[in-house]
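Residues per chain are reported as follows:
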Amino acid sequence: MSRRTTLQLLLIAAFIFQSAPLAIAGAARNETRAPRSTSFAQIPTPDEILGFRPGDDRKLASWNQVLTYFNKLDQASDRVKFEALGRSTMDVPFVMATISAPENLSRLEEYKKIQQLLADPRKLGAPGFRERKAAELIARGKTIVLITCGIHSTEVGSYLSSMLIAHRLASSNEPEIQEILRNTIVLLVPSLNPDGVDIVKNWYDKTLGTPYEGTDPPELYHKYVGHDNNRDWYAFPQVATKITVDKIHNVWHPQIVHDIHQQGASGSRLFLPPYMAPVEPNVPKRLVDGYSELGNWMAGQLRARGFQGITTNSTYDAWTPARAYSHYHAGVRMLSETASARIASPITIKFEELRSREGYDPQKESDKFGPVWPGGPWNLRDITRYMTTAAFILLQHASQNREGWLSEFYQIGNEAVRPRRRGELHAFAIPPAEHVGPLLTILESGGVEIDYPGAFSVNKRKYQQGTAVVRMAQPYGSFAKALLETQRYPDLRDASGHPIPPYDVTAHTLPLLMDVPVDPIYTRLALPKPKPEKQVGGNGVCGDGARRAIYKSHVPSMDEGWTRWVLENQAKCLFHASLQDALLRRGNLYEEFPTIIVPDQAPQTILNGYRTGAMPPQFIGGMGEEGVNALREFVEQGGTLIFLNRASDFAIEQFKLPLRNVVAGVPRTDFFVPGSILRIELDISHPIAKGMPTESIAWAEDSPVFEVVSNAGAGTKSIVPASNVRVIGRYPANKDPLLSGWLLGGNSIRGKAALVEVTLGKGRIILFGFRPQYRAQSLATYPLFFNAITRQ
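### Side note on the sheet that holds strand β12 (residues 369–370)
Phase 1 of the analysis: Read from one edge to the other, the open sheet built from nine strands follows the order β1-β2-β4-β3-β5-β10-β6-β8-β12, with strand pairing classed as mixed. Single-partner strands in this sheet number two, and they are β1 (80–87) and β12.
Phase 2 of the analysis: Sheet analysis places strand β3 (residues 143–148) next to strand β4 (residues 184–189), joined by six bridges and oriented parallel. Opposite T143, over in β4, you have T184 as the bridge partner.
Phase 3 of the analysis: Where helix α12 (residues 380–400) meets the sheet, it contacts β3, β4, β5 (256–263), β6 (270–272) and β10 (332–339), and its direction lies at approximately 165° from that of β5.

### Notes on the pairing of β1
Phase 1 of the analysis: Across seven bridges, the pairing between β1 and strand β2 (residues 93–99) is antiparallel. From the neighbouring strand, F82 faces β2, where its bridge partner is A97.
Phase 2 of the analysis: Following β1, the chain reverses through five residues before pairing antiparallel with β2; D91 in that reversal takes a positive phi of roughly 70°.

### Let's talk about the pattern of salt bridges
Phase 1 of the analysis: Counting across every chain of the model gives 38 salt bridges.
Phase 2 of the analysis: For the salt bridge of R726 with D683, the shortest nitrogen-to-oxygen distance reads 2.9 Å. Linking R726 in strand β29 (residues 725–730) with D683 in the loop between β24 (674–682) and β25 (695–701), this pair joins segments that are 43 residues apart in sequence.
Phase 3 of the analysis: Through salt bridges with shared partners, a single network forms among D228, R231, D504 and R775.

### Observations regarding the sheet that holds strand β14 (residues 427–430)
Phase 1 of the analysis: Across the sheet, three strands lie side by side as β17-β14-β18; this open sheet has antiparallel pairing. Only two strands of the sheet have a single partner each, and these edge strands are β17 (468–471) and β18 (519–521). The sheet shows a mean angle of 25° between the axes of neighbouring strands, taken without regard to direction.
Phase 2 of the analysis: Bridging between β14 and β18 involves three bridges; their strand directions are antiparallel.

### Considering the layout of surface pockets
Phase 1 of the analysis: Computed from the structure, the largest pocket encloses a volume of approximately 1,200 Å³.
Phase 2 of the analysis: Lining the largest pocket we find 44 residues, and of these Y221, H227, D228, P556 and M558 sit closest to its centre.
Phase 3 of the analysis: Those elements giving two or more residues to the lining of the largest pocket turn out to be β5, α17 (558–569) and β24.
Phase 4 of the analysis: Counted by class, the lining of the largest pocket contains 16 nonpolar, 13 polar and 15 charged residues.
Phase 5 of the analysis: Put simply, the second largest pocket is a space of about 510 Å³.
Phase 6 of the analysis: As for the second largest pocket, its lining consists of 27 residues, and the residues nearest its centre are P284, E415, A416, R420 and S478.
Phase 7 of the analysis: Secondary structure elements with two or more residues in the lining of the second largest pocket: α11 (285–304), α13 (402–417) and α15 (477–484).
Phase 8 of the analysis: Residue contributions to the lining of the second largest pocket peak at five residues, all from α13.
Phase 9 of the analysis: For the lining of the second largest pocket, the residue count by class is 13 nonpolar, seven polar and seven charged.

Here is what the cut-offs are and how they apply
Residues numbered from 1 in each chain as written. Predicted model: local features only at pLDDT ≥ 70, side-chain atom pairs only at ≥ 80, totals over all residues. Heavy atoms only, no water. Pairing = 2+ DSSP bridges. Helix = DSSP H or I, 4+ residues; strand = E, 2+ residues; numbered from the N terminus. Contact = heavy atoms within 4.5 Å. Axes fitted to C-alpha atoms, helices over the stretch in contact; angles between N-to-C directions. Salt bridge = Lys/Arg side-chain N within 4 Å of Asp/Glu carboxyl O. 1 Å grid on protein atoms, 1.4 Å probe; cavity = no way out; pocket = protein on both sides within 12 Å on 5 of 7 lines; lining within 4 Å. Points joined across faces, edges and corners; volume = space filled by probe spheres on them. Nonpolar A, V, L, I, M, F, W, Y, C, P; charged D, E, K, R; others polar.

Next comes the structure, spelled out in structure tokens:
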């Protein structure tokens with residue numbers, strides 16, 4: 001990493017008085033454990049505990065085996081401290097191993113304190129005195145490296161590699177390892193999703209030796225959110241995210257976060273940063289330089305050791321904070337993505353089967369890719385070899401450049417807390433509002449300082465008692481700014497003029513998602529700071545206690561999981577049951593449920609599910625014609641059917657509704673909305689919009705847009721008259737629909753419907769052309785969703 005500290009800082013560090021420790025020295029002594037001598041012959045290897053070596057074909061460890069191994073390592077090595085930080089969603093231990101030289105482990109509290117002071121230079125005194133104090137801390141501190149594994153549980157290489165990494169650090173006397181142990185403190189999380197370890201292992205073992213070996217489980221590998229557990233790093237609704245943020249990030253403030261993942265099998269063998277454009281504008285340039293330099297250096301070292309198929313500056317962007325908490329907390333996120341096999345089963349990939357990803361062609365060497373991998377066998381041992389080698393190269397850099405990493409960390413904090421100049425954004429004012437409590441809780445969870453100055457005025461605008469003020473001159477002001485301001489995603493096109501899609505989504509504006517007014521302030525504030533007061537706001541709803549059903553396909557749907565989470569955690573009176581295909585096809589649904597929700601999923605997946613031969617017979621097929629008939633009977637008898645986002649297209653087609661999706665089949669050059677916040681206008685006279693403002697938001701992502709027609713489908717006569725359709729929400733005819741994110745072709749949806757209700761028999765079908773419960777963040781549209789669920 002580049003050492004851009006001032007000459008003054010470096011000189012002071014060189015001549016520091018070793019006999020003058022700060023008051024923080026020895027702060028950890030109370031927790032210092034008795035010294036242990038390590039006999040390296042007694043350090044258990046993973047295969048001694050597991051019965052196989054991690055990386056062996058067709059072998060996976062259970063979570064219990066992982067815990068057993070790390071406990072044994074802790075008992076045998078004075079370099080390892082293993083601890084449980086909490087309990088997972090499904091109530092198993094969430095754990096971390098701290099690995100360093102024994103003399104470092106005996107002073108952990110001291111090193112935590114050093115990190116806390118460097119993270120917030122205000123604590124070091126006035127600017128004129130900070131440099132000397134910072135230099136002393138830098139001279140004594142260690143590079144903190146957080147290595148996170150296994151957040152996506154089908155990417156099995158990383159949790160297995162965690163044991164290989166830990167064993168080498170605990171047992172090796174190689175000079176390289178000794179240097180790493182002296183200069184770094186490694187925080188190793190074997191799995192950010194321990195529940196998923198057993199979900200995947202149980203399914204893999206069950207199908208081993210069958211035609212279905214190596215398939216993904218027919219359930220989410222996180223109880224609620226599946227792959228979206230790595231989209232949770234700014235809102236924090238999930239348990240594992242909260243533990244990681246509260247007990248690791250906010251305690252240790254790591255300079256480097258090495259997040260180990262796997263990607264598809266047919267592209268590069270390994271991705272490393274730098275990330276492709278765009279980078280979210282609130283990520284400090286020093287961090288961009290840091291992950292770029294480290295990633296390029298790692299790639300160069302791997303290539304020098306004979307590793308092939310490595311790409312940088314491609315595929316993955318650094319736009320959303322949903323995947324990069326550390327980028328707003330002075331640490332680089334070093335994502336690695338290694339090519340997958342079939343879970344733990346080997347595969348063979350022919351050269352001609354290699355496929356391009358954004359930014360490179362794996363069949364051609366370029367400045368973003370190389371050397372070319374010729375194809376051939378690829379197995380779990382290849383995966384763990386790439387992962388462990390990359391991890392130790394990263395640790396080598398962190399160790400050899402300890403002073404540089406700590407200096408840059410301090411400089412990022414120093415820039416964050418500097419007084420804002422005239423014309424710069426100074427603060428956000430957040431007046432009291434219904435959902436302000438959850439918004440402020442998110443900011444506080446991210447380490448953001450919030451003031452409650454009482455009633456005050458700025459530029460003739462009066463703010464009432466209880467208004468929260470978030471100043472930008474604080475360590476994590478950039479985190480607050482990223483979440484509170486609107487996004488304008490750049491219009492990126494490829495050579496043929498097609499939009500380049502983001503890796504995830506383009507908007508994360510919490511005030512819009514939560515319907516909380518926020519005002520930017522560009523004037524220096526001189527406000528009193530009375531005793532803090534916490535704003536509160538509710539977002540639950542209490543219905544009539546009846547059981548509602550959520551359709552649950554055997555093809556896992558993250559939106560189905562999020563819907564369950566919202567109903568269980570944010571609308572606790574709305575009792576629900578999961579409705580799978582076999583039960584649905586039996587019919588007589590209205591006898592059990594007044595309402596059925598069909599979450600966001602592709603229409604063909606809802607109808608047909610897994611194809612024959614792809615999964616065991618009991619998981620084949622979707623809802624099918626029988627299921628469609630059962631739902632038609634349900635609604636005609638008086639039930640309420642709710643379809644979310646893409647599922648609405650299923651309803652239009654299968655029930656022959658007098659509606660048309662006006663953006664279906666439209667090329668991306670003409671219409672594209674890849675996860676953005678749009679404006680809608682509501683008919684507040686309708687019961688579903690009861691209590692709502694006339695203007696609200698819609699989270700649009702691969703979303704349908706409705707137009708009422710007399711015929712439905714491809715020339716098929718609708719069996720429902722157009723008079724049975726009532727538009728509840730529509731995109732404005734005379735305003736730009738885009739509020740935050742990226743929207744191409746917005747004019748084509750002006751005046752079109754986003755939320756409709758269609759009466760059918762004694763019941764009704766409600767179509768949301770958006771996700772009203774998006775990742776448990778869109779509190780602004782919860783009332784629409786909850787009113788629809790409880791509609792009588």
